[in-house]
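# Summary of structural features
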Amino acid sequence: MAKVSVVIINYNGRKYLEQFLPSVLASTYYHMELIIADNASTDDSLAFLRSHYPSLRVIELKRNHGYAGGYNEALKQIQSDYYVLLNSDVEVRPGWIEPVVALMEKDRTVGACQPKILSYHKKDQFEYAGAAGGWMDSLGYPFARGRIFDICEVDHGQYNDEQPVFWASGAALFIRAELFHQAKGFDTYFFAHMEEIDFCWRLQLLGYSIYVCPASEVYHVGGGTLPKGNERKVFLNFRNNMIMLAKNLPKRQSFWKIPLRILLDFTSAFKSLFAGQYVYFLAVGEAHLAFFKWILIRRSKSVFPLKRKARLSGWYPHCVAWKHFVEGKETFGEIMQDKR
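Below or above, wherever it landed, is the structure these notes cover. (Residues numbered from 1 in each chain as written. Predicted model: local features only at pLDDT ≥ 70, side-chain atom pairs only at ≥ 80, totals over all residues. Heavy atoms only, no water.)

### Quick notes on the overall build of the protein
This is how the line gets drawn: The secondary structure listing takes helices from DSSP runs of H or I that are at least 4 residues long and strands from runs of E that are at least 2 residues long, numbered from the N terminus. This radius of gyration counts C-alpha atoms alone. The globule rule is 2.2 Å times how many residues there are, raised to the power 0.38. Working rule for contacts: check all heavy atoms of both residues, and any pair within 4.5 Å makes them a contact. The method behind every accessible area is Shrake-Rupley, applied with a 1.4 Å probe, and residues are considered shielded solely by the protein chains displayed. In summary, the charge assignment counts Lys and Arg as positive and Asp and Glu as negative, without counting His or the chain termini. Think of each charge as sitting on NZ of Lys, CZ of Arg, CG of Asp or CD of Glu.
Per the secondary structure count, the protein includes 11 helices and 14 strands. The C-alpha atoms of the protein give 19 Å as radius of gyration, which agrees with the globular expectation for 340 residues (20 Å, within 12%). Each principal axis of the C-alpha atoms in the protein carries an extent, and together these give about 55 × 40 × 40 Å. By sequence separation, contacts in the protein at least 24 residues apart represent 75% of the contacts at least 6 residues apart. Accessible surface, the protein as shown: approximately 15,200 Å² in total, 54% of it carbon and sulfur. The distance from the centre of the 41 positive side-chain charges to the centre of the 34 negative ones in the protein is 8 Å.

### Focus on the side chain of serine 23
The following threshold applies: Here a polar contact means two N or O atoms within 3.5 Å. Within protein one must be a hydrogen donor candidate and the other an acceptor candidate, and residues neighboring in sequence count only if both atoms are side-chain atoms.
By secondary structure assignment, the location of serine 23 is in helix H1 (residues 14-25). Only 3.3 Å separates the side chain of serine 23 from the backbone nitrogen of valine 92, close enough to count as a polar contact. In contact with serine 23, other than residues within four places in its own chain, are Val90, Glu91 and Val92.

### Describing the pairing of strand E4 (residues 82-86)
How we decide: Buried residues are those whose accessible area, probed at 1.4 Å on protein chains only, stays under 20% of the maximum for their type, while exposed residues exceed 50% and partly exposed ones sit between those limits.
In terms of residue burial, E4 counts as a mostly covered element, since five of its five residues are buried. The side-chain alternation of E4 yields two buried faces, one formed by Tyr82, Val84 and Leu86 and the other by Tyr83 and Leu85.

### Topic: the environment of aspartate 38
The topology assignment puts aspartate 38 in strand E2 (residues 32-38). On the accessibility criterion, aspartate 38 (1% relative accessible area) is buried. Spatially, the C-alpha atoms of aspartate 38 and aspartate 155 are 33 Å apart, while their sequence positions differ by 117 residues. Every residue in contact with aspartate 38, bar those within four places of it in the chain, is listed here: Asn10, Ser45, Leu46, Ile59, Glu60 and Leu61. Looking at aspartate 38, its side chain comes within polar contact range of the side chain of serine 41, at 2.7 Å.

### Quick look at the packing of helix H7 (residues 231-248) against helix H9 (residues 278-298)
The geometry of a pair of packed helices is captured by two quantities: the angle between their axes and the separation between those axes. Cut-off, in case you're wondering: Lines fitted to the C-alpha atoms define the axes, with helices restricted to the stretch that makes contact. Angles between their N-to-C directions range from 0 to 180 degrees. By convention, the crossing between two helices is left-handed when the near helix turns anticlockwise from the far helix through less than a right angle, and right-handed when the turn is clockwise. Any residue that is not Ala, Val, Leu, Ile, Met, Phe, Trp, Tyr, Cys, Pro, Asp, Glu, Lys or Arg is counted as polar, Gly included; the first ten are nonpolar and the last four charged.
Here H7 crosses H9 at 35°, and the two axes come no closer than 8 Å. Handedness of the crossing formed by H7 with H9: right-handed. In this structure, H7 contributes Glu231, Val234, Phe235, Phe238, Arg239, Met242, Ile243, Ala246 and Lys247 to the contact, and H9 contributes Val279, Tyr280, Ala283, Val284, Glu286, Ala287, His288, Ala290, Phe291 and Trp294. Looking at side-chain class alone, the contact of H7 with H9 contains 14 nonpolar, one polar and four charged residues.

### Overview of a nonpolar patch on the surface
What counts here: Only residues whose relative accessible area exceeds 30% and that take part in no salt bridge are eligible for patches, with like-charged residues grouped when within 9 Å of each other and nonpolar side chains (Val, Leu, Ile, Met, Phe, Trp, Tyr) grouped when within 5 Å. Within this document, salt bridges are pairs made up of a side-chain nitrogen of Lys or Arg and a carboxyl oxygen of Asp or Glu, the two lying within 4 Å of each other.
A cluster of nonpolar side chains, Phe292, Ile295, Leu296 and Ile297, forms an exposed patch at the surface whose accessible area comes to about 410 Å². Judged by relative accessible area, which is 70%, leucine 296 ranks as exposed.

### A closer look at the packing of aromatic side chains
Selection criterion: Two aromatic rings from Phe, Tyr or Trp, using only the six-membered ring of Trp, form a pair when their centres are within 6.5 Å; if the ring planes differ by under 30 degrees the pair is stacked, by over 60 it is edge-to-face, and anything between is tilted.
This model, assessed by the stated rule, comprises 26 aromatic pairs. Ring geometry for tyrosine 67 and phenylalanine 186: centres 5.6 Å apart, planes at 55°, overall tilted. You can see tyrosine 67 sitting in helix H3 (residues 66-75) and its partner phenylalanine 186 sitting in the loop between helix H5 (177-182) and helix H6 (195-205), a full 119 residues away along the chain. A centroid spacing of 5.8 Å and a plane angle of 90° characterise the contact between tyrosine 159 and phenylalanine 332, whose relative ring orientation is edge-to-face. Highlighted residues: tyrosine 159 in the loop between strand E10 (151-152) and strand E11 (163-165) and phenylalanine 332 in helix H11 (residues 332-336), separated in sequence by 173 residues. Like tyrosine 159, the residue phenylalanine 332 is buried in the burial classification. The rings of Tyr67, Tyr71, Tyr83, Phe180, Phe186 and Phe199 are connected pair by pair, giving a single aromatic cluster.

### Some words on H6
When you tally the buried positions in H6, you get 11 out of 11 residues, the bulk of the element. Those residues of H6 lying buried are Glu195, Glu196, Ile197, Asp198, Phe199, Cys200, Trp201, Arg202, Leu203, Gln204 and Leu205. Note on H6: the residue one or two positions beyond its end, glycine 207, has a positive phi of about 105°.

### Describing the nonpolar core
So the rule is basically this: Buried residues of nine kinds, namely Ala, Val, Leu, Ile, Met, Phe, Trp, Tyr and Cys, make up a nonpolar core once their side-chain atoms join them within 4.5 Å.
Leu85 and Phe186 are the most contacted members of the largest nonpolar core, which totals 82 residues. The dominant element in this core, judged by the number of residues it contributes, is H7, at eight residues. Of all hydrophobic cores here, the second largest spans 34 residues; its members include Val6, Leu17, Val101 and Val110.

### A few points about the state of the cysteines
Note the threshold: The rule for a disulfide is simple: a pair of cysteine sulfur atoms within 2.5 Å.
Using the criterion set out here, one finds zero disulfides in the structure. We note that cysteine 200 lacks a disulfide partner, and the nearest cysteine sulfur, in cysteine 113, lies 10 Å from it. Classification of cysteine 200 by relative accessible area gives buried; the value is 0%. Take cysteine 319: it sits in no disulfide, and the sulfur closest to it among the cysteines is that of cysteine 152, at 19 Å.

### Let's talk about the packing of H7 against helix H8 (residues 251-274)
Rule in force here: An angle below 35 degrees is read as roughly parallel, one above 145 as roughly antiparallel, one from 65 to 115 as roughly perpendicular, and any other as oblique.
Put simply, H7 and H8 touch, their axes get as near as 11 Å, and they point 165° apart. Our classification of the angle between H7 and H8 gives roughly antiparallel. Considering how the two elements wind past one another, H7 and H8 form a crossing that is right-handed. Across the interface between the two elements, Phe238, Asn241, Met242, Leu245 and Ala246 of H7 pack against Ile258, Arg261, Ile262 and Asp265 of H8. The class makeup of the residues in the contact of H7 with H8 is six nonpolar, one polar and two charged.

And the structure:
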């Protein structure tokens, strides 16, 4: 039986550890170990773990490396067949591991996989961060089966099929351990947000597929570290999305797609400014300045694709923003009607 290491990155998340660790420890997969990687928390997370889970392995990092750097540092110290990167604000079902491992053991070309991710607060509704598998449109806008921008669908079983996708959510991400290190892990420059999409893109360019396994279900609170609308979160999402495009797009595409994306981003920012959302406007501007700084002096800090020729799954050849905001399409099914 393949060894599975479930690794939870924690930063000041004592309340989530207390609430959700019991569900993870109730997992029925026999060859599983649970490890907490602590990003130099300043709350009583470590004291809580020592008191209530003294036998649990804890990796104490000396500073807050973020999601990307935290996992990169922690996984260097973990020997396993599969890593499961699990957010601390996720509740799991007892048999959530078995279906995903069975899928990945059956097909060795599957490099990463995610379960179906539902909302913890509305368990019949898909959760924003991954839903039933992530897709990417031609201009680099990520969306998912069950989630288009801020609209999350109710789960009626419409996405219960296993299939290749573009990206798997970092909220509950299964990865072949050997492959994680072969692909050089996450881009630590991202710190948090978009790093799993960038990683999955690089995996696909290496010739591996990314899958969703809806037979496994988990429930995600969402926004556990940085709440929606937070200035830092907006900044990281916009900056990292632009860096991801610059790294992974073919050069002939990046020359025109990146300027177009900048134009669309600032159109969105000015719309928010007129709506009184000053923080959003400033965060978008700061993100693009940081992107240009990355181009000029920070590129060497990033991880680039090892290969660049592969057929990508989960790639939508049109603009999902146009389909949603102009044509009014609100579900993944509606948008996929004219995929070709």
